[in-house]
Structure formats: C-alpha cells, structure tokens
Amino acid sequence: MPAPEVWLDTVTPKISITINSILPILHEKGYSTLVTAKKQTQTIDMLDTLKVPYETVGEYGETLKEKIAVEQKRTLEFLDLFDRVGYPKVLWTHGDVSAIRTAFGLKIPIVYANDTVFAHAVAKLACPLVNYLVAPKCFGKSWSKFGISKSRIIHYDGLEELAYVGTEFEKPKCFKDLGKQKKPIILFRDAEYQAVYCKNVKVDSEKLLQELTKLGTVICLPRYEEEKAKLENISNVWIPPEPVLTAQLIPYIDLMVGSGGTACRETALYGIPTINFHFWDVQAQYLYKKGFPIRVNRNNRRINVEAKKILANPQKIDTRKTLNNLESPIPMWIKYIEQSLQNKTGN
C-alpha cells in the first residue's frame, strides 16, 4: 500500500466534521490520505458517526506537566505510525502543536487552518513553523504577531463552518425522542472550561441552564464526560444518547444559548436566534454585520429576559441568499495542499 500523500490531523469534533468534507474532494483528485485523531471522546465519536477511517494518536493532558508529557509522547507515536504506513507528503491541520512540530521536524509542508486567534499558546508554537495559514478574512493579518510572515497568511471571505454548512447528514435514531420533548426547544452549549484560553467566563452557566429549563426543553451537548452526570437528573434537559451534529438539530431548535464559538456560528448561519455568553470575537461580529441572528450577552438575568422575548414568537431567518455570498474555505485548503505537494515533488 503506498504511503499517504495528505495527512489530516484532528483534535476537535468540528475539525472531524471538516475533514469529512475535505476527504471526498482529495480522493476524487486521486490523493491518498491519512487521518489521525487525538483520543478525545467527542473527536473520535464524531469520526465514527461520520464513518471516517482514522488512526488514534495521543491524548489530552490536564495539568501543565501532563500537557507537555503527552505532546512529546504523541510525536513519538506519529513516528511509529509513519514507520508502519509510510511518511506523508503534506500535513493539513487545525492547530495541534505536536502534529505541526512533527511535520516540521520531518520537513513535511504544513497547511494550517485556524480561526482561534485567541488561543495564544498554540499560535505562538505553531505559526512560525507552518508554510501557509488559511484563515477568515475578518481576522486581517493579526496572525503575523505570532511569528508568521504576512505573505504566508491566506484569506477567504467566510468562516470555517461554511465547509460543511448545508451538508445533508443522516438523522440519528435518537431523534424520535425529540418529538416527545416540551416546546419550545433551546440548544445549550457550555464553556470549554478545561481549555487554557477559557478561564474568564462571567456567566454562571449552571444557574443559567436551570432558568432556561423553565422556558422549554433544553438540549445539552456536554463537552466532557463528567458534565453528563450533573445534567441527567435535571428536569426538561435532554442529552442525546449518541453523538449528534448541530446541523442535525437545526430543524428542531428555536434558540441557541452557548459559550462555544463553533456551535453559535453554526446556528446563526442557519438562521437560528443565537445568544453567545462568552465569545464576541471578530467572527461573531462579522456574522452580526452580515445580518445573521447572533448577539452577545454576559449577564444571566438579561439572557433570560432576551430568551423569553425570542421564544414568545420564535422565528428563523432565511439566510440562504447571504450564505451564497460567503466563501467556503475548502477551495483555498485544497489549493495550498496541492501547491505544497507540487513544491515537495519539485524539491
């Protein structure tokens, strides 16, 4: 079996969904691929749900010491994997430092997709090593402060979620239970509180969740396993018993309340009224200026008041025309993957 030409690495559910959109295009062009995934429940669950073949490499650490240790171990695991399946010719990734450092050390070109400029620690370690950084236009050249030259920052006029927004996904079997839930339906996504960059959320999310359950059914998508035990016994909270995508929930939900940038951008792109209680970054502002129904609110009482107002007459906005004017990042990703392959061959 020939060595993989394109190596794609994922460490989050979003990037797993994104890879699912890239793979068919690469395969249609005749490229062999290798997908690697860090052992994180939601990441590999999403790959399994989408039936994407992958190799599990590495895991997460919680303390600073553990993070350093598992990163070094992941690099060694990559080398063992490549000895077995062959060494790839280009890496496409979204920010895992160990994958980028491994590729850099092996002189494998790196196409870096990123929309998390606030993750300073990762950006400082990754940006100086990559060949191309493909990012939303709304960030401008802000990435250059992390050590990458402006000439290697590639822009597109859109957001990463446009790589898969509009894709038809099979409806999970557990959705038959959705019809039994009390209306209206609110999607809730808590903060990624174990992440280094997510330590200053001002909203009391547990109290907020309790308030939202008085307004209807709250669908919760826990980020971590320990969250489920806290949520399972709360009245009017429904936790999908299998991995689901935000896109699959769109026909059912009337309101999104959350901290996550990705989930909030997804619902706003689909026209669902969205309240974000953490991120009001350039991407959220970009969507707001384009007319998508997203707003930020960091006060429990005001969020509750706003939610009641929206749910009194829940309405989705038809965003199809606006979506057609935005760019998917996939063409840029493919262009620079292919350019890196050509440069590699030329060398």
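If you're wondering where the values come from, they're calculated on a predicted model, not measured in any experiment.

Novice: Help me out: how do you make sense of the state of the cysteines in this one?
Specialist: Two cysteines form a disulfide when their sulfur atoms are joined by a covalent bond. By the definition in use, this model includes zero disulfides. The thiol of Cys 138 is unpaired, and the distance to the nearest cysteine sulfur, on Cys 127, comes to 15 Å. Residue Cys 174 stays outside any disulfide, its sulfur separated by 14 Å from that of Cys 220, the closest cysteine. Of the residues examined, Cys 174 reaches a relative accessible area of 4% and is grouped as buried.

Novice: In this structure, what is going on with the environment of Ser 21? I would like to understand it.
Specialist: Residue position: Ser 21 is located in helix α1 (residues 13-28). For the pair Ser 21 and Tyr 164, spaced 143 residues apart in sequence, the C-alpha to C-alpha distance is 6.3 Å. Each residue touching Ser 21, except ones within four places of it in the same chain, is listed here: Ala 163, Tyr 164 and Ile 330.

Novice: Teacher, can you tell me more about empty space enclosed by the protein here?
Specialist: Where empty space is left can be seen by rolling a probe of water-molecule size over the atoms. Here the structure, examined in full by the defined rule, presents one cavity of 30 Å³ or more. Considering only enclosed or pocket space, the largest cavity measures out at about 30 Å³ in volume. Looking at the largest cavity, the residues that line it are Ile 17, Tyr 164, Leu 245, Thr 246, Ala 247 and Glu 266. Among the residues forming the lining of the largest cavity, the class breakdown is four nonpolar, one polar and one charged.

Novice: Is there a simple way to think about helix α9 (residues 261-269) in this case?
Specialist: Since the α-helix advances by 3.6 residues per turn, residues separated by three or four positions end up pointing in the same direction. For α9, the tally of buried residues reaches eight of nine residues, placing the bulk of the element in the interior. Of the positions making up α9, those classed as buried are Gly 261, Ala 263, Cys 264, Arg 265, Glu 266, Thr 267, Ala 268 and Leu 269. In the segment just after α9, Gly 271 is the residue with positive phi, at about 90°.

Novice: Would you explain the sheet that holds strand β12 (residues 274-276) in this entry?
Specialist: In a beta sheet, neighbouring strands pair by backbone hydrogen bonds and run either parallel or antiparallel. The strand order across the open sheet built from six strands is β10-β9-β8-β11-β12-β13, with neighbouring strands paired in parallel fashion. Of all the strands in the sheet, just β10 (237-238) and β13 (294-296) have a single pairing partner and so form its edges. In this sheet, strand β9 (residues 217-220) lies alongside strand β8 (residues 185-189) in parallel orientation, the contact comprising four bridges. If you follow Ile 185 over to β9, its bridge partner there is Thr 217. Sitting on the sheet, α9 touches β8, β11 (255-258), β12 and β13, and the angle it makes with β12 is about 160°.

Novice: Whenever I open this one, the side chain of Arg 265 confuses me. Can you help?
Specialist: Relative to the helices and strands, Arg 265 resides in helix α9. Residue classification places Arg 265 among the buried positions, given a relative accessible area of 5%. One polar contact links Arg 265 to Glu 161, side chain to side chain, over a distance of 3.0 Å. Those residues in contact with Arg 265, other than ones at most four positions away along the chain, are Lys 14, Asp 115, Leu 159, Glu 161, Asp 281, Gln 283 and Leu 287.

Novice: What am I meant to see in the pattern of salt bridges here?
Specialist: As enumerated under the stated definition, the model contains 15 salt bridges in all. Two residues, Asp 96 and Arg 74, come together in a salt bridge whose shortest N-O distance is 2.4 Å. On the criterion of sequence distance, the pair formed by Asp 96 in the loop between β4 (90-93) and α4 (97-105) and Arg 74 in helix α3 (residues 64-85) is long-range, its members being 22 residues apart. Here Asp 96 and Arg 74 have matching classes, each one buried. For Lys 183, the salt bridge is made with Asp 254, and the minimal N-O distance between the two is 3.3 Å. Taken together, the positions of Lys 183 in the loop between β7 (153-156) and β8 and Asp 254 in the loop between α8 (246-249) and β11 put the pair 71 residues apart, joining distant regions of the chain. In this structure, a network of salt bridges that share partners links the residues Lys 14, Asp 115, Glu 160, Glu 161 and Arg 265.

Calculation notes
- Residues numbered from 1 in each chain as written.
- Predicted model: local features only at pLDDT ≥ 70, side-chain atom pairs only at ≥ 80, totals over all residues.
- Heavy atoms only, no water.
- Disulfide = S-S within 2.5 Å.
- Buried < 20%, exposed > 50% of the residue type's maximum accessible area, 1.4 Å probe, protein only.
- Helix = DSSP H or I, 4+ residues; strand = E, 2+ residues; numbered from the N terminus.
- Contact = heavy atoms within 4.5 Å.
- 1 Å grid on protein atoms, 1.4 Å probe; cavity = no way out; pocket = protein on both sides within 12 Å on 5 of 7 lines; lining within 4 Å.
- Points joined across faces, edges and corners; volume = space filled by probe spheres on them.
- Nonpolar A, V, L, I, M, F, W, Y, C, P; charged D, E, K, R; others polar.
- Pairing = 2+ DSSP bridges.
- Axes fitted to C-alpha atoms, helices over the stretch in contact; angles between N-to-C directions.
- Polar contact = N/O pair within 3.5 Å; in protein donor to acceptor, adjacent residues only side chain to side chain.
- Salt bridge = Lys/Arg side-chain N within 4 Å of Asp/Glu carboxyl O.

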